[in-house]
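Residues per chain are reported as follows:
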Amino acid sequence: MKVVLQNLTKKFPNRNRKLKEDVVAVDNFTFEIPDGELIGLLGPSGCGKSTTLNLICGLQKPTSGKIFFGDDDVTDLPPENRGVGLVFQNYALYPHLTVKQNITFPLENLRGADKLTKQQMSDKAEAIAKLVQIDGLLDRKPSELSGGQQQRVAIARALVKMPRVLLLDEPLSNLDARLRLQTREEIKRIQRETGITTVFVTHDQDEAMSISDRIVVMKDGVVQQIGKPQDVYDDPVNLFVAKFLGTPPINVFEGSVKGGKLTIGADTVLDVKGVSDQDVWVGIRPEGFVLRDDGAFSCKLSGLEVMGRDVSVVSTNEQSVNPTVRSIISAENKVDLAAETVRFALKPHKVFLFNKKTEERIRFDAE
């Protein structure tokens, strides 16, 4: 099911009575979600991603704008008539019901031509339980399940009616790291097998990038960038997006451009043709450093963090916005820990320039 958000805006009354202006949670959001895609809504707390999800499912009404499921305008349609499946952060399972009863609960409310027999409900519950791999747990109560199993029950309950759109509101935040990784792989598999258009809300960029077909990065209710996860990572439109995506995070420095050359502190580090003379923010991805004795960029060496096949060189630089500079290099490189400084060459396609005031991306010829 294609989902179209058209100039979607949601405002809330300001709780501070001295301020008359409303709080804008979602600001003029326009986006088309193709049929069968898994979209990640990504951003920090308070950016408007959960509000957007609530607008899509009908729990909240937009201040202005339209929502379409396919060709149907569902803007004023109540949630129960939209054909959505919603999975909450806290699972919201009925503790007194078995797993099977939790899954079949939405089916019991069907009326008219959609009404099912007990056998039909049982068959649907068993089929969907098998899909999410909990078919051996149908007689258990939620209290007898692990967090990951409870999450699968919640997903099964949302899927049992085969909704037109599946909405997931931070569904993994209550799980430990290992279980979170396993469950997000399961969500991706289930979405692929069912082909249901899915919107996944998270503040965890690793989650969003690992399972989404496309991500929508939001800040203060405004969409910053939309694209395939790798494309957004490799080509951020502004400093906020560059800083939000990536683990370890991007290294940010104060720099300047003069005569087509980028300078950070006393080091002239890169040719940046086509950029006018100005002060800039310089973002360098951790993997953008090449360890070289004659490298143009120097930092004060602090130590090494072993990561297996790679190592993280930890250093400092007076122009760095971050307390430390992290440079990911191959473990085959030998770093002299007795040295006071470490020198790097920079990979041009891993270096981004941003306007000092607007923080918008400044593009340059990397050749």
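Data block above holds the structure.
Residues numbered from 1 in each chain as written. Predicted model: local features only at pLDDT ≥ 70, side-chain atom pairs only at ≥ 80, totals over all residues. Heavy atoms only, no water.

Colleague: Please set out the sheet that holds strand β15 (residues 289-291) residue by residue, giving values where relevant.
Modeller: The strand order β15-β19-β16-β17-β18 describes an open sheet built from five strands, whose pairing is antiparallel. Two strands lie at the open edges of the sheet, namely β15 and β18 (325-330), each paired on one side alone. Averaged over all adjacent pairs, the angle separating strand axes in this sheet is 50 degrees, with direction ignored. Bridging between strand β16 (residues 297-306) and strand β19 (residues 341-346) involves four bridges; their strand directions are antiparallel. Within the sheet, the bridge partner assigned to K300 lies in β19 and is T341. (Pairing = 2+ DSSP bridges. Helix = DSSP H or I, 4+ residues; strand = E, 2+ residues; numbered from the N terminus. Axes fitted to C-alpha atoms, helices over the stretch in contact; angles between N-to-C directions.)

Colleague: Just give me the short version of the pattern of salt bridges, but keep the residues and values in it.
Modeller: The full count for this structure, using the stated rule, is 18 salt bridges. A salt bridge links R189 to E186, with the shortest nitrogen-to-oxygen separation between them at 2.7 Å. One end of the pair, R189, and the other, E186, are both in helix α5 (residues 177-194), three residues apart, so they sit about a helical turn from each other. Here R189 falls in the partly exposed class, since its relative accessible area comes to 22%. Put simply, K350 and D234 hold a salt bridge, and the shortest N to O gap is 3.7 Å. Highlighted residues: K350 in the loop between β19 and β20 (351-355) and D234 in helix α7 (residues 229-234), separated in sequence by 116 residues. Overall, K350 belongs to the buried group, its relative accessible area being 13%. Residue D234 is classed as partly exposed on the basis of its relative accessible area, which comes to 32%. Through salt bridges with shared partners, one network takes in E186, R189 and E193. (Salt bridge = Lys/Arg side-chain N within 4 Å of Asp/Glu carboxyl O. Buried < 20%, exposed > 50% of the residue type's maximum accessible area, 1.4 Å probe, protein only.)

Colleague: Could you give an account of helix α4 (residues 147-159), naming the residues involved and the relevant values?
Modeller: Counted at 1.5 Å a residue, the expected span for α4 with its 13 residues is 18 Å, and the 19 Å between its end C-alpha atoms agrees. Where burial is concerned, most of α4 is hidden: eleven out of the 13 residues are buried. The set of residues buried in α4 consists of G148, Q150, Q151, R152, V153, A154, I155, A156, R157, A158 and L159. Where α4 is buried, its residues meet β6 (84-87), α2 (99-108), α3 (118-131), β7 (165-169) and α5. (Expected span 1.5 Å × (residues − 1). Contact = heavy atoms within 4.5 Å.)

Colleague: Give me empty space enclosed by the protein: which residues, what numbers.
Modeller: If a probe the size of a water molecule is rolled over the atoms, the empty space left behind becomes visible. Throughout the structure, instances matching the rule amount to one cavity of 30 Å³ or more. Taken as a whole, the largest cavity encloses approximately 50 Å³ of empty space. Contributing to the lining of the largest cavity are I155, L166, L168, I187, I190, Q191 and T198. Split into classes, the residues belonging to the lining of the largest cavity amount to five nonpolar, two polar and no charged. (1 Å grid on protein atoms, 1.4 Å probe; cavity = no way out; pocket = protein on both sides within 12 Å on 5 of 7 lines; lining within 4 Å. Points joined across faces, edges and corners; volume = space filled by probe spheres on them. Nonpolar A, V, L, I, M, F, W, Y, C, P; charged D, E, K, R; others polar.)

Colleague: So what's going on with the environment of F289? Which residues, and what values?
Modeller: Locating F289 in the fold gives a position in strand β15. Under the relative-accessibility criterion, F289 is labelled buried at 2%. Separated by 163 residues in sequence, F289 and E126 have C-alpha atoms that sit 52 Å apart. Contacts of F289, omitting those with residues within four sequence positions, involve N251, I284, F297, V325, R326, S327, I328, I329, F344, A345, L346 and K347.

Colleague: Break down the environment of G36 for me, with residues and values.
Modeller: Following the sequence through the fold, G36 ends up in the loop between β2 (23-33) and β3 (38-42). Residue class for G36 comes out partly exposed when judged on its relative accessible area of 23%. Separated by 129 residues in sequence, G36 and V165 have C-alpha atoms that sit 9.0 Å apart. Excluding residues within four positions of it along the chain, G36 makes contact with M1, Q191, R192, G195, I196, T197 and D213.

Colleague: How would you sum up the nonpolar core? Please name residues and give values.
Modeller: Core analysis: the biggest nonpolar cluster contains 35 residues, and I103, I134 and L159 have the highest contact counts within it. Those elements that place two or more of their residues in this core are α2, α3, α4, β7 and α5. At six residues, α4 tops the list of elements feeding residues into this core. With near-sequence residues (within four places) excluded, I103 lies in contact with A125, I128, A129, I134, L138, V153, A156, R157 and V160. Of all hydrophobic cores here, the second largest spans 27 residues; its members include V282, V313, V342 and F344. (Core = buried A, V, L, I, M, F, W, Y, C linked by side-chain atoms within 4.5 Å.)

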